[in-house]
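These are the residues of each chain, in order.
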Amino acid sequence: MTSLTVLAGPASPADLAAARMQMALSLGWHIVLACLGVGMPALLLFAEWRAVRTGDEDFHRLARRWAKAVGVLFAVGAVSGTILSFEMGLLWPGLMGVYGQVVGLPFALEGIAFFIEAIFLGIWLYAWGRLSPRAHLLSGVPILVAGVASAFFIVSANAWMNQPRGFDLESGRITHVSPWAAMFNPATPPQTLHMILAAFMVSGFGTAGVYAVALLRGHRDRYHRLGFVVPFTMAAVLTPVQIVVGDYAARFLSEYQPAKLAAFEGVYRTGPYAPLSLGGVFVDDRMRYAVEIPSALSLLVGYRPSAVVQGLDRTPPADRPPVTPVHWAFETMVGIGFLLLLLSAWLAWSWWRRRDLPRTPWFLRLAAIAGVLAVVAVEAGWTATEVGRQPWVVYGRMRTLQAVNPVPGLWAGFVVVSLVYVVLTVATVYVLRHMTRGRQVAPQEPVVT
Amino acid sequence: MDAAQALLAAMWLGLTLYALLGGADFGGGVWDLLAGRSRAGMPQRRLIEHSIGPVWEANHVWLIFVLVVLWTGFPLAFASVMSTLYIPLTLAALGIIARGAAFAFRKTSTELWQQRLFGGAFALSSVFTPFFLGTVAGGIASGRVPPGLAAGDLVRSWVNPTSLLGGVLAVGVCAYLAATYLCDDAVRARSPDMAEGFRRRALATAVLVGAVALGGIAVLRWDAPLLFRGLTGRALPLIVASAVLGLVSIALLWWRRYLLVRGTAVLAVAAVMWGWPVAQYPAMLPPSLTYLDAAAQPVVLTTTLAVAAVGALLVLPSIAWLFLLQRRMPYEPERPA
Ligand code: HDD
Ligand code: HEM
Ligand code: HEM
């Protein structure tokens with residue numbers, strides 16, 4: 001193989017920044033739809049299963065409603081994901097030209113998952129009423145399986161960027177590739193598990209939020225209550241699990257990517273009795289204006305106050321990630337995690353005592369924004385993960401600067417792409433909002449009686 | 001056959017399927033654009049929607065498959081193409097967003113102005129996207145994409161005679177395929193008038209695409225001599241077969257044998273598509289980078305082939321079921337209230 005790095009010209013810092021922002025925008029956009037693509041099928045299938053089993057009219061209506069939204073969301077998710085496949089090459093040809101063969105396997109497997117998802121969604125949406133209820137229900141199962149599988153595959157590709165394995169580098173050339181070792185790298189278990197749970201939380205809290213608004217507006221019939229309780233319960237059950245998994249992810253970092261964890265927590269000096277800093281800004285190698293809980297970080301990481309926590313001082317200055325944004329992103333995610341835990345506990349308590357939702361409207365008000373909060377947590381988590389990996393695109397192996405497309409004018413591309421995303425966002429929100437009010441049935445959807 | 005050849009063939013099969021299935025979906029958008037004013041064009045637009053609604057997302061995954069196989073199996077070729085042809089590929093990507101999203105939005109919108117707006121975006125991007133993808137093919141085929149990161153000319157690599165030819169041909173082929181498929185769909189929707197309309201369009205595009213292709217030979221001879229030599233040499237049987245099948249399709253259209261046309265039109269397009277790699281073999285990025293220079297390590301190639309094989313076992317029967325269900329789906333000329 002001809003070596004690529006020799007041929008790469010330099011990219012200007014402005015173009016590198018544009019490429020990174022474009023990638024962040026496209027990924028940050030796609031991930032919202034992707035979460036719904038992973039989580040919504042579970043809700044849909046549950047509602048349809050109840051409807052088929054018991055002939056329950058309300059579950060039937062819920063399934064139909066959600067199906068319509070999923071039809072639009074999936075289309076937008078699919079096209080926004082396709083852009084990402086292009087961007088891997090358009091923006092990061094230096095990465096793909098060298099490492100494409102190492103990390104290609106999960107992408108190839110993901111291609112299969114996408115096929116299954118798209119095909120069975122087509123069948124499921126359009127063959128409603130043309131298959132027996134049982135067959136129709138079963139035709140939805142591959143959507144769920146493929147959705148979870150695709151999240152696993154794509155995140156294992158990202159995990160590889162954090163823990164590159166499965167190849168040797170001999171004088172600038174890749175040798176001894178082992179695609180399976182690359183895919184099942186040490187970062188794969190914590191990252192994939194955390195992401196898949198996040199997808200279900202976004203779907204659950206997000207859907208419940210829509211019905212929380214309806215309940216607040218006085219639509220208190222069984223249909224709206226079910227639309228709230230079913231998705232909210234799914235998300236609420238997963239929230240404590242997610243926090244345990246998040247802790248697992250942090251422990252993983254302390255062992256494998258200590259520089260990232262140090263940036264998350266704003267720790268400069270390596271040593272025992274490391275405090276936990278809440279808030280603050282990192283200037284001149286120090287956290288300022290932060291609320292500090294003494295020794296708490298050492299306790300969290302090593303279970304005793306004297307546990308040594310590695311700080312940024314062990315990493316050469318040129319290899320350190322930017323601390324303040326990463327720290328804030330991490331704290332946002334963790335904060336939201338605990339907020340959602342409280343909300344879930346509130347519902348559990350009230351259900352245990354009275355078999356009903358909490359009486360105060362404040363519960364519903366908070367529940368109405370829980371979906372947005374879950375999305376913010378996901379975006380913050382990814383910002384922490386990706387920015388915390390900087391300046392590496394492949395941790396310890398390739399800098400982001402070496403990966404970027406050296407063509408001039410990436411800025412112009414970024415501006416155009418951003419405009420398209422603005423229009424896309426407005427249109428998607430508009431169409432979805434009109435759908436919830438709407439009376440219209442999509443043209444090909446047969447009216448099932 | 002070595003593993004790299006096998007993977008190349010699998011990738012090209014994927015690209016062919018994308019052209020034949022996804023291409024027709026784009027072509028549907030082209031006819032949507034030309035269907036006339038809102039009210040008069042309504043039945044045609046509804047037929048187009050009926051034909052591509054359930055399948056376009058699945059059809060579109062073939063493109064993702066091709067991209068992934070290219071970057072896994074031939075990373076150097078992928079990096080070179082994507083970096084040099086940054087502009088047309090970005091535009092094609094944006095076209096893909098606009099088309100898919102607008103199509104889904106139009107289907108759920110209720111007001112005429114919304115349907116017009118989304119319909120317009122859907123139809124226009126259906127023309128632009130294949131055009132830009134065609135210019136990419138032209139740039140590669142005429143040897144304007146050298147190996148290396150952005151090693152080729154950012155503009156001339158796709159603004160050149162062969163690329164222009166590629167773009168126009170791509171749009172023409174999509175439109176032609178869609179028109180022939182829609183003839184058959186219209187008959188099954190019991191709408192002989194519409195079938196006649198699409199038959200006329202299919203005939204007209206067939207003649208037009210044939211003429212452009214013939215004229216294109218002259219362009220290639222002057223602008224892409226290497227490709228020209230391959231097409232008139234080793235790939236000649238495929239090119240002749242395509243021309244013959246094209247003529248047969250015109251005759252079948254004339255006699256209204258729509259189901260058969262579906263077959264011959266598909267074969268004619270597939271023959272040209274395979275003519276290109278055969279003509280430039282073993283070059284992947286002409287003139288000098290061969291597929292072996294660009295290929296990944298053997299274990300990567302065999303793993304990808306194995307994944308593709310397992311994938312085919314899962315995906316092909318599912319697609320067959322989807323297409324079968326779609327064919328049986330009754331056509332409803334009016335939106336249910
Ligand atoms: C609903 C969303 C959500 C919630 C409530 C949490 N997270 Fe999270 N977190 C994510 C969604 C997320 C994510 C967006 O899915 C990330 C980005 C990358 C990844 O694998 O998952 C992530 C990354 C991520 C990482 C970085 C992994 C890495 O770089 O390898 C750590 C250490 C944590 N999380 C820890 C936590 C802790 C301790 C939480 C406790 C409250 C928590 N997360 C709640
Ligand atoms: C954590 C990150 C990601 C997750 C969980 C995820 C998940 C998904 C899911 C579930 C879908 C199906 C569409 C939908 O339901 O809306 C999808 C679509 C897609 N994603 Fe992502 N994705 C992620 C990131 C990426 C990245 C980084 C890429 C590309 C490099 C990508 C490429 C695609 C493509 C090409 C599609 C369209 C497939 C189709 O046409 O059906 N995704 N993604
Ligand atoms: C879907 C969830 C994801 C989100 C929200 C996300 C977010 C981001 C952000 C914010 C950046 C910019 C980093 C910076 O500016 O410093 C970035 C960069 C990048 N991400 Fe991710 N990421 C996600 C998943 C992935 C996955 C699954 C892959 C690949 C398989 C990936 C590949 C990249 C690449 C190649 C870059 C550019 C290099 C860099 O700046 O680090 N990302 N992403």
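Residues numbered from 1 in each chain as written. Chains lettered and ligands numbered in written order. Predicted model: local features only at pLDDT ≥ 70, side-chain atom pairs only at ≥ 80, totals over all residues. Heavy atoms only, no water.

Caption draft 1: Main features of the overall build of chain B. When you go through chain B residue by residue, the secondary structure sums to 13 helices and 2 strands. In terms of overall dimensions, chain B is globule-like: its C-alpha atoms have a radius of gyration of 20 Å, near the 20 Å expected for 337 residues. Taking the principal axes of the C-alpha coordinates as reference, chain B spans close to 60 × 40 × 35 Å. Relative to its full complement of 337 residues, chain B shows a buried share of 58%. Taking the contacts inside chain B whose residues are at least 6 apart along the sequence as the reference set, 80% of them involve residues at least 24 apart. Looking at chain B as shown, the accessible area adds up to about 13,200 Å², and 73% of this sits on carbon and sulfur atoms. Between the mean site of the 24 positive side-chain charges and the mean site of the 15 negative ones, chain B shows a separation of 6 Å. (Helix = DSSP H or I, 4+ residues; strand = E, 2+ residues; numbered from the N terminus. Rg over C-alpha atoms; globule rule 2.2 N^0.38 Å. Buried < 20%, exposed > 50% of the residue type's maximum accessible area, 1.4 Å probe, protein only. Contact = heavy atoms within 4.5 Å. Areas by Shrake-Rupley, 256 points an atom, 1.4 Å probe, with all protein chains shown as cover. Lys, Arg positive; Asp, Glu negative; His and termini not counted. Charge placed at Lys NZ, Arg CZ, Asp CG, Glu CD.)

Caption draft 2: Seen up close, the coordination of the iron atom of ligand 3. A lone protein donor contacts the iron atom of ligand 3, and this donor is E386 of chain A (OE), found at 1.9 Å. In this fold, E386 of chain A is placed in helix α11 (residues 361-387). (Donors = N, O, S within 2.8 Å, 3.2 Å for Na, K, Ca; no water.)

Caption draft 3: Spatial organisation of the site of ligand 1. Residues and elements named next belong to chain A. Taken together, 24 residues form the shell around ligand 1, and within it H194, K260, M333, V378 and T385 come nearest. One of the backbone nitrogen or oxygen atoms of Q191 is found 3.3 Å away from an oxygen atom of ligand 1. Residue T385 places a side-chain N or O atom 3.4 Å away from an oxygen atom belonging to ligand 1. Of all elements in the fold, only α6 (188-216), α7 (222-256), α8 (258-265), α10 (323-354) and α11 reach the threshold of two or more residues within the shell around ligand 1. The element contributing the most residues to the shell around ligand 1 is α7, with 7 residues. Broken down by class, the residue content of the shell around ligand 1 amounts to 15 nonpolar, 7 polar and 2 charged. (Near = heavy atom within 4 Å. Polar contact = N/O pair within 3.5 Å; in protein donor to acceptor, adjacent residues only side chain to side chain. Nonpolar A, V, L, I, M, F, W, Y, C, P; charged D, E, K, R; others polar.)

Caption draft 4: Examining the site of ligand 2 more closely. What surrounds ligand 2 is a group of 27 residues, the closest being H30, G37, G81, F114 and I154 of chain A. Proximal residues around ligand 2 fall on chains A and B, making this an inter-chain site. Note that a nitrogen atom of ligand 2 is positioned 3.0 Å from one of the side-chain N or O atoms of H30 of chain A. Of all the secondary structure elements, the ones that give two or more residues to the shell around ligand 2 are α1 (13-54), α2 (57-90), α3 (93-126) and α4 (133-162) of chain A together with α3 (56-73) of chain B. Counting residues per element, the shell around ligand 2 draws most heavily on α2 of chain A, which supplies 9 residues.

Caption draft 5: Region of the structure containing the environment of Q101 of chain A. Counting through the fold element by element, Q101 of chain A comes out in helix α3. In this structure the C-alpha to C-alpha distance between Q101 of chain A and H194 of chain A, which are 93 residues apart in sequence, comes to 26 Å. From its side chain, Q101 of chain A meets the backbone nitrogen of Q297 of chain B in a polar contact 2.9 Å long.

Caption draft 6: Region of interest: the packing of helix α9 (residues 225-232) of chain B against helix α11 (residues 258-280) of chain B. Residue and element names in this part refer to chain B. Two numbers describe how α9 lies on α11: the axes approach to 8 Å, and their chain directions differ by 110°. Comparing their axes, α11 and α9 come out roughly perpendicular. Of the two possible hands of crossing, α9 and α11 adopt the one that is right-handed. Here L227, G230 and L231 of α9 come into contact with α11, specifically with G275, W276 and A279. Grouping the constituent residues of the contact of α9 with α11 by class yields 4 nonpolar, 2 polar and no charged. (Axes fitted to C-alpha atoms, helices over the stretch in contact; angles between N-to-C directions. Parallel < 35°, antiparallel > 145°, perpendicular 65-115°, else oblique. Left-handed = near helix turned anticlockwise from the far one by under 90°.)

Caption draft 7: Quick peek at the coordination of the iron atom of ligand 1. Residues and elements named next belong to chain A. The protein atoms donating to the iron atom of ligand 1 are H194 (NE2) and M333 (SD), with metal-donor distances spanning 2.0 to 2.4 Å. Its 6 donor atoms give the iron atom of ligand 1 angles of 80 to 179° at the centre, a pattern that matches the octahedral case. Taken together, the residues H194 in helix α6 and M333 in helix α10 connect sequence positions 139 residues apart. The exposure class assigned to H194 is partly exposed, which follows from its relative accessible area of 22%. (Tetrahedral: all angles 85-135°; square planar, octahedral: opposite > 155°, others 65-115°.)

Caption draft 8: Region of interest: the nonpolar core. Counting residues in each nonpolar core, the largest one holds 234 residues, and the members touching the most others are Y99, F228 and F232 of chain A together with F74 of chain B. Sort the elements by how many residues they give to this core and α3 of chain A lands first, with 22 residues. Setting aside residues no more than four positions away along its own chain, F74 of chain B makes contact with A4, L7, L8, V69, M284, Y291, A294 and A295 of chain B. One finds A250, F252, L261 and A263 of chain A within the second-largest nonpolar core, a separate group that totals 19 residues. (Core = buried A, V, L, I, M, F, W, Y, C linked by side-chain atoms within 4.5 Å.)

Caption draft 9: Main features of the pattern of salt bridges. Residue and element names in this part refer to chain A. One pass over the full model with this rule turns up 12 salt bridges over all chains. D58 serves as the salt-bridge partner of R222, at 2.8 Å between the closest nitrogen and oxygen. Of this pair, R222 sits in helix α7 while D58 sits in helix α2, and the two are 164 residues apart along the sequence. Owing to a relative accessible area of 43%, R222 belongs among the partly exposed residues under this scheme. Ionic pairing is found between R225 and D356, a salt bridge with its closest N-O pair at 2.9 Å. Here R225 is found in helix α7, whereas its partner D356 is found in the loop between α10 and α11, with 131 residues between them in sequence. (Salt bridge = Lys/Arg side-chain N within 4 Å of Asp/Glu carboxyl O.)

Caption draft 10: Region of the structure containing unusual backbone geometry. For the bond from Q390 of chain A to P391 of chain A, the omega torsion is 0°, close enough to zero to count as cis. Its location among the elements puts P391 of chain A in the loop between α11 and β7 (392-394). For the peptide bond that leads from P286 of chain B to P287 of chain B, omega is 5°, which places it in the cis range. With respect to the helices and strands, the residue P287 of chain B is situated in the loop between β1 (283-285) and β2 (289-290). At Y303 of chain A, a residue that is not glycine, the phi angle is positive and equals roughly 65°. For Y303 of chain A, a relative accessible area of 62% puts it in the exposed group.

Caption draft 11: Structural context of the packing of α1 of chain A against α2 of chain A. All names here are of chain A. At a minimum axis distance of 8 Å, the contact between α1 and α2 shows a crossing angle of 150°. The angle between α1 and α2 places the two elements in the roughly antiparallel class. In terms of crossing hand, the pair formed by α1 and α2 is left-handed. Here the contact of α1 with α2 is composed, by residue class, of 20 nonpolar, 7 polar and 3 charged.

Caption draft 12: Layout of the interface of chain A and chain B. Tallying the contact residues gives 77 residues for chain A and 67 residues for chain B. Summed over the shared surface of chain A and chain B, the result is 5 residue pairs in polar contact (both at pLDDT 80 or more).

Caption draft 13: Local environment of the packing of aromatic side chains. All names here are of chain A. According to the stated counting rule, one finds 31 aromatic pairs over all chains in the structure shown. Seen in terms of ring centroids, F228 and F363 are 6.1 Å apart; in terms of plane orientation they differ by 85°. Their pairing is edge-to-face. One end of the pair, F228, is in helix α7; the other, F363, is in helix α11, with 135 residues separating them in the sequence. Comparing F228 with F363, the two get one shared label, buried. Between F232 and F363, the aromatic rings sit 5.7 Å apart at their centres with planes inclined by 65°, giving edge-to-face as the arrangement. (Phe/Tyr/Trp six-rings, centres within 6.5 Å; stacked < 30°, edge-to-face > 60°.)

Caption draft 14: Representation of the confidence of the model for chain A. Residues and elements named next belong to chain A. Residues of chain A with pLDDT of at least 70 account for 95%, and the chain-wide mean is 88. By mean pLDDT, the top-scoring element of chain A is α6 (95), and the lowest-scoring one is strand β5 (residues 286-288) (79). Residue range residues 1-8 is modelled with pLDDT below 50. Its contacts to residues more than four positions away, or to other chains, number 20 contacts. Counting interchain partners and residues more than four positions distant, the pLDDT-below-50 stretch residues 438-449 has 32 contacts. (pLDDT = per-residue confidence, 0-100.)

Caption draft 15: Just the environment of L347 of chain A, in detail. Residues and elements named next belong to chain A. With respect to the secondary-structure elements, L347 resides in helix α10. Once the C-alpha coordinates of L347 and F232 are considered, the two residues, 115 residues apart in sequence, prove to be 9.2 Å apart. Once you skip the residues sitting within four places of it in the chain, L347 turns out to touch F232, L357, P358 and F363.

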